[in-house]
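Residue-level listing of the chains:
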Amino acid sequence: MFENVLYQPATKMLMKDIYNGTFPNAVLFSGSDSSGKLTTALELSRVLSCRSSGKEKGHWLCTCNSCLRHKALNTPDVVIAGPGDCTPEIKASAETLVNAATSSAPWAKAAVYLFIRSVRKLTLRFSPVLWEGDDKASKAAPFLAAIEELLEEINPLGELPELEKLKKTIDSLIKQCVSLESGLMYDTVPVNQIRKAAVWARMTTPDSKKCIILENADKMQDSVRNAILKILEEPPEDAVFILTTSRRGAIIPTILSRVRTYSFVDRNESQQKEIISRVFHSEGDTDKTANSVNDFLAGYLPVSLGDIKKLSVEFCNTLLTGNRIKLDEIVKSLNNFEPRIILKQFFESMLDYMGHFLREDVDALKLASRTEKSAQILEAIRTAYDNITIYNQSAISALESIYERIL
């Protein structure tokens, strides 16, 4: 079990609870970004639905029908609710697959699964279970149909297409996925999706466990939290709810009291480099050298980390000096914050810069003035980020609100 989740003690706790028959119906995976929470959640779903017995049960190489479907994430028993930064992983996995096919590498089949799973981590967020009746559902349908049709050409149990055809198929898939994520993904989970998930979870299915994965549980609106709370008060027996968060302290106590928390540790630099090497078979090209999984995936963004940090510093300096800057030009230079991970990197860089600014050596008089203004800016940045990611405010409006508040 959990052979593909590296350097996470939480998996041993999960295995123990599964073997002892004490695994609950609602859990919280808490840990930093790229610590393996989603991978573990998907593996947990596969293990709980595995139809083998004895030592074979839950093993990654299990060939039962349920495991084969779960490995390709082609199963009706799993849905993912919540926004996700899927396209960088899709692009990284695509490069891994093309490299494997080009060199006829022995890990080519693993690369096929890696790519297919990266694509379906996106499409599972658009399950009809959650989106039925949604105004955006009809707009998403053509993209989802095109993606599934293209995926049929890359069968993990068969032979790969010829290299040129494979590259063409992959390029088409990436374009469809980018359009789907950037144009139709909600920034936060609508409450209707949670209510639909609750109804679906109570529909019994033979020989399988339904799995509802709710990502970024700390960023959900009050109505969504209340809807989740109602489900967790009496969770369905045939379903498992897996909440994930990078800020456990931001989860309301009433939800925490109804879930069992599994903590995911921060893996060190050496471990993260090994993960990059083993998963993506990358030794770090000249332009993609990375010391962490986050930095590695950031290498596949349309804007470099260097440019994101440069623009964030420029923005902070205008706040500190009282100057004005053309916000529309910043947003355009940052690819309109698509994918949304660019937004996160931009705001994290601002917070990091302001933190360094506060720690600089200055005399007592300057320090008092600097501390007061920096504290105002930090609070304005945090508020603006929440307004974008939780309350769907536009990026330009949120950045303008920082100006209005500070200047």
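Residues numbered from 1 in each chain as written. Predicted model: local features only at pLDDT ≥ 70, side-chain atom pairs only at ≥ 80, totals over all residues. Heavy atoms only, no water.

Details of the pairing of strand S2 (residues 78-81)
1) Next: Both faces of S2 are covered, namely the face carrying Val78 and Ile80 and the face carrying Val79 and Ala81.
2) Next: Here 4 bridges tie S2 to strand S3 (residues 210-214), and the two strands are oriented parallel to one another. Following the sheet pairing, Ala81 is matched in S3 by Leu214. (Buried < 20%, exposed > 50% of the residue type's maximum accessible area, 1.4 Å probe, protein only. Helix = DSSP H or I, 4+ residues; strand = E, 2+ residues; numbered from the N terminus. Pairing = 2+ DSSP bridges.)

Comments concerning the sheet that holds strand S4 (residues 239-245)
1) Next: The 5 strands are arranged S2-S3-S4-S1-S5 in an open sheet whose pairing can be described as parallel. Two strands lie at the open edges of the sheet, namely S2 and strand S5 (260-263), each paired on one side alone. Mean inter-strand twist for the sheet, computed between neighbouring axes without regard to direction, equals 20°. (Axes fitted to C-alpha atoms, helices over the stretch in contact; angles between N-to-C directions.)

A look at the environment of Tyr353
1) Next: With respect to the helices, strands and loops of the structure, Tyr353 is situated in helix H16 (residues 341-359).
2) Next: Discounting residues that sit within four places of it in the chain, Tyr353 has contacts with Val313, Cys316, Asn317 and Leu320.
3) Next: A polar atom in the side chain of Tyr353 sits 2.7 Å from the side chain of Asn317. (Contact = heavy atoms within 4.5 Å. Polar contact = N/O pair within 3.5 Å; in protein donor to acceptor, adjacent residues only side chain to side chain.)

Points about the state of the cysteines
Two cysteines whose sulfur atoms are joined by a covalent bond form what is called a disulfide.
1) Next: Tallying each qualifying case throughout the model produces 0 disulfides.
2) Next: No disulfide involves Cys50; its sulfur sits 3.6 Å from that of Cys67, the nearest cysteine.
3) Next: Its relative accessible area of 5% is what places Cys50 among the buried residues. (Disulfide = S-S within 2.5 Å.)

A look at helix H8 (residues 163-184)
1) Next: If you check H8, its first and last C-alpha atoms are 31 Å apart, about what 22 residues at 1.5 Å a residue would give, namely 32 Å.
2) Next: Leu166, Thr169, Ile170, Leu173, Ile174, Cys177, Leu180, Glu181 and Leu184 are the residues of H8 that are buried. All buried residues of H8 fall inside an arc of 155° around its axis, so they share one side. In this structure, H8 carries Glu164, Lys168 and Lys175 as exposed residues pointing more than 90 degrees from its buried face.
3) Next: Close packing links the buried residues of H8 with helix H4 (87-103), helix H5 (108-123), helix H6 (128-131) and helix H7 (137-151). (Expected span 1.5 Å × (residues − 1). Arc of directions from axis to C-beta.)

Details of empty space enclosed by the protein
1) Next: A complete count under the given rule lists 1 cavity of 30 Å³ or more for this structure.
2) Next: Taken as a whole, the largest cavity holds about 70 Å³ of empty space.
3) Next: Forming the boundary of the largest cavity are Ile80, Ala81, Gly82, Pro83, Arg125, Trp131, Met185, Tyr186, Thr188, Val189, Pro190 and Gln193.
4) Next: Residue composition of the lining of the largest cavity, by class: 8 nonpolar, 3 polar and 1 charged. (1 Å grid on protein atoms, 1.4 Å probe; cavity = no way out; pocket = protein on both sides within 12 Å on 5 of 7 lines; lining within 4 Å. Points joined across faces, edges and corners; volume = space filled by probe spheres on them. Nonpolar A, V, L, I, M, F, W, Y, C, P; charged D, E, K, R; others polar.)

Observations concerning the packing of H5 against H8
1) Next: One can describe the packing of H5 onto H8 by two numbers: an axis separation of 10 Å at closest approach and a directional angle of 20°. The angle between the axes of H5 and H8 places the two elements in the roughly parallel class. In this structure, H5 meets H8 at a crossing whose hand is left-handed. Across the interface between the two elements, Phe115, Val119 and Leu122 of H5 pack against Ile170, Leu173, Cys177, Leu180 and Glu181 of H8.
2) Next: Tallied by class, residues from the contact of H5 with H8 come to 7 nonpolar, no polar and 1 charged. (Parallel < 35°, antiparallel > 145°, perpendicular 65-115°, else oblique. Left-handed = near helix turned anticlockwise from the far one by under 90°.)

Comments concerning the side chain of Ser35
1) Next: Along the chain, Ser35 turns up in the loop between strand S1 (26-30) and helix H2 (37-49).
2) Next: Looking at Ser35, its side chain comes within polar contact range of the main-chain oxygen of Ser32, at 2.6 Å.
3) Next: Beyond its immediate stretch of four places on either side in the chain, Ser35 contacts Gln8, Phe264, Val265 and Arg267.

Here's the deal with the pattern of salt bridges
1) Next: Taken as a whole, this structure holds 12 salt bridges when the rule is applied.
2) Next: A salt bridge links Glu215 to Arg125; the nearest nitrogen and oxygen atoms lie 2.7 Å apart. Note that Glu215 is positioned in the loop between S3 and helix H10 (222-233) and Arg125 in the loop between H5 and H6, a separation of 90 residues in sequence.
3) Next: Residue class for Glu215 comes out buried when judged on its relative accessible area of 12%. (Salt bridge = Lys/Arg side-chain N within 4 Å of Asp/Glu carboxyl O.)

A few points about the packing of aromatic side chains
1) Next: Evaluation of the coordinates by the stated rule reveals 13 aromatic pairs.
2) Next: Between Phe315 and Tyr403, the ring centres sit 5.5 Å apart and the planes meet at 75°, which makes this aromatic pair edge-to-face. With Phe315 in helix H14 (residues 305-321) and Tyr403 in helix H18 (residues 395-406), this residue pair connects regions lying 88 residues apart in the sequence.
3) Next: Looking at Tyr403, the relative accessible area reads 2%, which means it is buried.
4) Next: Aromatic ring contacts, followed pair by pair, group Phe315, Phe337, Phe346, Phe347, Tyr385 and Tyr403 into a single cluster.
5) Next: Sitting over the ring of Trp60, Lys71 keeps its end group 5.0 Å from the ring centre. (Phe/Tyr/Trp six-rings, centres within 6.5 Å; stacked < 30°, edge-to-face > 60°. Lys NZ or Arg CZ within 6 Å of the ring centre and 35° of its normal.)

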